[in-house]
Amino acid sequence: LKTLDSIIGLHIISQDAFDVGEIEDLRYDPTTWDIIGFKVKSNKYVASMLNAGSGKSMILIKPDHYVVNDVILFQDTLEDARSRISADNANIPSLSYISGKKIITSDNILLGSVEEIQFDSDKWSIVSMKVKLDKVACPLLGLKKGLFSKMAYGLLVRNIVSVSEN
């Protein structure tokens, strides 16, 4: 699993050594929790080469089988990747929008706030969230103060009903 924070700021490099740009965020489908694409601040020549906006504009790159290390490597050339690259669509939700959101149970109890978002980079699907627990939630979850950190790992996204202001 990878985290949102670990992928933001990485550069995307094509097989023919073009620096496509830097990842600013991930776009996702709020019903399936699948990652739709990388929101990338393109380098000035790439967007114009691909007819996906002007220089330094935001582009959307669909996920595929990429090598993810300290950069993200396309397994094909920039020209071959053209079908997966388009101008960014601000109507698709950004994953960073969820960071810091409060998590409330169906019976209106504040559990805490989203600290980290984890996704599977093989399936390009959001899996779980790390939660900074509220002090009221600790006793409800059977946690004693000082015994564990105030972080809960593994809030599975399939248990989330909706994302709004909370």
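Coordinates for the structure precede this section.
Caption draft 1: Structural detail: the overall build of the protein. Of the regular secondary structure elements, the protein holds three helices and twelve strands. Long-range pairs, those at least 24 residues apart, make up 51% of the contacts in the protein with a sequence separation of at least 6. Total accessible area computed for the protein in this model is approximately 9300 Å², and 51% of it derives from carbon and sulfur atoms.

Caption draft 2: Region of interest: the pairing of strand 3 (residues 19-28). The element strand 3 is largely enclosed, with a buried count of seven among its ten residues. Where strand 2 (residues 11-13) meets strand 3, three bridges bridge the pair, whose relative direction is antiparallel. Bridge assignment links Ile-12 to a residue of strand 3, and that residue is Gly-21. In the sheet, strand 3 pairs with strand 4 (residues 35-42) via seven bridges, with the strands oriented antiparallel. Along strand 4, the bridge assignment pairs Gly-21 with Ser-42. Connecting strand 3 to the next strand, strand 4, in antiparallel fashion are six residues, including Trp-33 with a positive phi near 65°.

Caption draft 3: A look at the sheet that holds strand 7 (residues 72-73). The strand order 6-7-2-3-4-5-8 describes an open sheet built from seven strands, whose pairing is mixed. Whereas interior strands pair on both sides, the edge strands pair on one side only; in this sheet they are strand 6 (67-68) and strand 8 (85-87).

Caption draft 4: Examining unusual backbone geometry more closely. The backbone of Ala-17 sits at a positive phi, close to 70°, despite the residue not being glycine. For Ala-17, the position within the fold is in the loop between strand 2 and strand 3. Its identity as a non-glycine residue notwithstanding, Trp-124 has a phi of 50°, on the positive side. In this structure, Trp-124 sits in the loop between strand 10 (110-120) and strand 11 (125-133).

Caption draft 5: Molecular detail of the pattern of salt bridges. Per the stated rule, a full pass over the model turns up four salt bridges. With a closest N to O distance of 3.3 Å, Arg-84 and Asp-64 form a salt bridge. One end of the pair, Arg-84, is in the loop between strand 7 and strand 8; the other, Asp-64, is in the loop between strand 5 (58-61) and strand 6, and 20 residues separate them in sequence. A salt bridge links Asp-76 to Arg-84; the shortest N-O distance between them is 3.1 Å. The pair Asp-76 / Arg-84 is uniform in exposure class, with both members buried.

Caption draft 6: Inspection of a nonpolar patch on the surface at higher detail. A cluster of nonpolar side chains, namely Val-136, Leu-140 and Leu-141, defines an oily patch on the protein surface of about 290 Å² accessible area. Classification of Leu-141 as partly exposed rests on a relative accessible area of 48%.

Definitions and limits used
Residues numbered from 1 in each chain as written. Predicted model: local features only at pLDDT ≥ 70, side-chain atom pairs only at ≥ 80, totals over all residues. Heavy atoms only, no water. Helix = DSSP H or I, 4+ residues; strand = E, 2+ residues; numbered from the N terminus. Contact = heavy atoms within 4.5 Å. Areas by Shrake-Rupley, 256 points an atom, 1.4 Å probe, with all protein chains shown as cover. Buried < 20%, exposed > 50% of the residue type's maximum accessible area, 1.4 Å probe, protein only. Pairing = 2+ DSSP bridges. Salt bridge = Lys/Arg side-chain N within 4 Å of Asp/Glu carboxyl O. Patch = residues over 30% accessible without salt bridge, like charges linked within 9 Å, V, L, I, M, F, W, Y side chains within 5 Å.

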